[in-house]
Amino acid sequence: MTDADRRLAAIATGQLAGFSRRQAHDAGISDRQLRRRVQSGVLIQTGPHSFRSAMAPVTPLVELHDRLLDIGGEVWATGPTAAALYGFDGYTLRRPFHVLVPRERHLSRRDIRLHRSDRIELIDVGTVDDIAVTSPARTIIEIARVAGRESLARCLDSALRDGLLSEDLMHRRIVALRSRGRHGLPALLDVLTRREAARGGHSWLEREYLRLLEAAGLPRPETQQVVASANGRLVRVDCRFPGTAVVVELLGYTFHRTRAQMSADAARYNAMLAAGCLPYQFTYEQVAGSPDAVVADTARALDLPLPPEALRQSK
């Protein structure tokens, strides 16, 4: 065995016995030498730019690692493939493998389902078994494009059960990514909403708003209070601040509202005004994505000062 072979063997040992063409070059082995080793049966070429020892056993995990080595650069397992690596219920590691690359990359490989994205943030990626993967939250968001609600619910339950993410993080990544043309998020939000409703008590949105108020030292409001009636129906608000006219409604996860819903909302709003209320509304995006502004607006509505240090704590 030459020194170059020893260097390459050391590299492959930490990569499930696989290596890339570039790594072989760095170790001192030329393309011609690689071809000879493939022809003699010492190596197996697993892709245009990847190889492995012919003696190593081949498993789905090894095959995935080979594909990622062959693609090289910024590439992550995602969707069903990442779900299998994380051990989400109902998913097994198998071909075709789903991988995510930056939008500008164009490539084609057998047994690969390619996904591309304009922006891939550090919070959305990680590793499992030394394989680059999208984070649990980003994986579920990618799966939401194609999976049914039952499958999504199983993924979410698996991730929460195994401590891979929290509902808070899941909501924040949805807010951060929902404006970038991703399909499936309404279904994912519906799964989250149903999970919250099944537990009873406050929704995540209500809990988060109350947490922001507490962190900023603002008064805690009464929740789920009836303040008026509209078209024969009671008008119940999410938050009412005792001793003031200020009421707050937290607008949930609905992406599109029908004309009938908009009319009902207008009737509710007018009924609150007629009852002497001072209504404020905060959206899902505002509470999760701009908490400092939500806290500041609430403080101004209550005519209370908000110290800078309290504002920093609310972020």
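These notes cover the structure that comes with them. (Residues numbered from 1 in each chain as written. Predicted model: local features only at pLDDT ≥ 70, side-chain atom pairs only at ≥ 80, totals over all residues. Heavy atoms only, no water.)

## Things to note about the overall build of the protein chain
- Counting secondary structure elements, the protein chain contains 14 helices and 12 strands.
- A compact globule built from 315 residues would reach a C-alpha radius of gyration of about 20 Å, whereas the protein chain, at 27 Å, exceeds it by more than 25%.
- Looking at the protein chain residue by residue over its 315 residues, the buried ones come to 44%.
- When the accessible surface of the protein chain is totalled, it reaches about 16400 Å², and 50% of it is carbon and sulfur.
- Both charge centroids of the protein chain, one from 44 positive and one from 36 negative side chains, sit 6 Å from each other. (Helix = DSSP H or I, 4+ residues; strand = E, 2+ residues; numbered from the N terminus. Rg over C-alpha atoms; globule rule 2.2 N^0.38 Å. Buried < 20%, exposed > 50% of the residue type's maximum accessible area, 1.4 Å probe, protein only. Areas by Shrake-Rupley, 256 points an atom, 1.4 Å probe, with all protein chains shown as cover. Lys, Arg positive; Asp, Glu negative; His and termini not counted. Charge placed at Lys NZ, Arg CZ, Asp CG, Glu CD.)

## Some details on the environment of arginine 52
- Assignment of secondary structure puts arginine 52 in strand β3 (residues 50-53).
- When its relative accessible area of 1% is taken as the criterion, arginine 52 is described as buried.
- C-alpha of arginine 52 to C-alpha of valine 38: the two residues are 14 residues apart in sequence and 9.4 Å apart in space.
- With near-sequence residues (within four places) excluded, arginine 52 lies in contact with Leu16, Ala17, Gly18, Phe19, Val42, Leu43, Ile44, Thr46, Val58, Val62 and Asp66.
- Here leucine 16 takes part through its backbone oxygen, which lies 2.9 Å from a polar atom of the side chain of arginine 52. (Contact = heavy atoms within 4.5 Å. Polar contact = N/O pair within 3.5 Å; in protein donor to acceptor, adjacent residues only side chain to side chain.)

## Observations concerning the sheet that holds strand β2 (residues 43-47)
- Strands sit in the order β1-β3-β2 across an open sheet of three strands; the sheet is antiparallel. Each of the sheet's edge strands pairs with one partner strand only, and the pair in question is β1 (18-20) and β2. Strand-to-strand twist in this sheet, taken as the mean axis angle between neighbours without regard to direction, amounts to 30 degrees. (Pairing = 2+ DSSP bridges. Axes fitted to C-alpha atoms, helices over the stretch in contact; angles between N-to-C directions.)

## A short note on the nonpolar core
- Ranked by size, the top nonpolar core spans 62 residues in total, and within it Ile140, Leu152, Met170, Ile174, Leu188 and Tyr209 carry the most contacts.
- When residues in this core are grouped by element, the largest group, six residues, is from helix α9 (residues 185-199).
- Sequence-distant contacts of isoleucine 140, that is, excluding residues within four places in its chain, are made with Phe88, Leu152, Cys155, Leu156, Ala159, Leu165, Met170 and Leu188.
- Residues Leu8, Ala12, Ala27 and Leu43 belong to the second largest nonpolar core, which totals 10 residues. (Core = buried A, V, L, I, M, F, W, Y, C linked by side-chain atoms within 4.5 Å.)

## Quick notes on the packing of helix α5 (residues 79-86) against helix α6 (residues 136-143)
- Two elements in contact, α5 and α6, have axes whose closest approach is 8 Å; the angle formed by their N-to-C orientations is 140 degrees. Judged by the angle between their axes, α5 and α6 are oblique. Where α5 crosses over α6, the two elements pack in a sense that is left-handed. Here α5 contributes Gly79, Pro80, Ala82, Ala83 and Tyr86 to the contact with α6, which in turn contributes Pro136, Thr139, Glu142 and Ile143.
- Across the contact of α5 with α6, the residue classes break down as six nonpolar, two polar and one charged. (Parallel < 35°, antiparallel > 145°, perpendicular 65-115°, else oblique. Left-handed = near helix turned anticlockwise from the far one by under 90°. Nonpolar A, V, L, I, M, F, W, Y, C, P; charged D, E, K, R; others polar.)

## Section: the packing of aromatic side chains
- Summed over all chains, the structure comprises four aromatic pairs.
- Between tyrosine 86 and phenylalanine 88, the aromatic rings sit 5.8 Å apart at their centres with planes inclined by 20 degrees, giving stacked as the arrangement.
- Measuring from ring centre to ring centre gives 6.0 Å for tryptophan 204 and tyrosine 284, while their planes differ by 65 degrees; the resulting arrangement is edge-to-face. With a gap of 80 residues between them, tryptophan 204 in helix α10 (residues 204-215) and tyrosine 284 in helix α12 (residues 284-289) connect regions that are remote in the sequence.
- According to the relative accessible area criterion, tryptophan 204 is buried, its value standing at 4%.
- Residue classification places tyrosine 284 among the buried residues on the basis of a relative accessible area of 0%. (Phe/Tyr/Trp six-rings, centres within 6.5 Å; stacked < 30°, edge-to-face > 60°.)

## Concerning the side chain of aspartate 66
- By the secondary structure assignment, aspartate 66 is in helix α4 (residues 60-71).
- Once you skip the residues sitting within four places of it in the chain, aspartate 66 turns out to touch Gly18, Thr46, Ser50 and Arg52.

## Observations concerning the side chain of threonine 78
- Within the fold, threonine 78 resides in the loop between β4 (76-77) and α5.
- Once residues within four sequence positions are removed from consideration, threonine 78 is found in contact with His98, Val99, Leu100, His115, Thr134 and Glu142.

## A closer look at unusual backbone geometry
- Along the chain, arginine 95 connects to proline 96 via a cis peptide bond; the corresponding omega equals -5 degrees.
- Following the sequence through the fold, proline 96 ends up in the loop between α5 and β5 (97-102).
- Of note in the backbone geometry, leucine 16 takes a positive phi value of approximately 55 degrees without being a glycine.
- Mapped onto the elements of the fold, leucine 16 is located in the loop between α1 (3-13) and β1.

## A few points about the pattern of salt bridges
- A full pass over the atoms with the stated rule returns 28 salt bridges.
- Ionic pairing is found between arginine 103 and aspartate 118, a salt bridge with its closest N-O pair at 3.0 Å. One end of the pair, arginine 103, is in the loop between β5 and β6 (112-117); the other, aspartate 118, is in the loop between β6 and β7 (125-128), and 15 residues separate them in sequence.
- Judged by relative accessible area, which is 65%, aspartate 118 ranks as exposed.
- Residue arginine 119 is joined to glutamate 121 by a salt bridge in which the shortest nitrogen-to-oxygen separation is 3.3 Å.
- Salt bridges linked by common partners bring Arg119, Glu121, Asp124, Arg138, Glu142, Arg145 and Arg173 together as one network. (Salt bridge = Lys/Arg side-chain N within 4 Å of Asp/Glu carboxyl O.)

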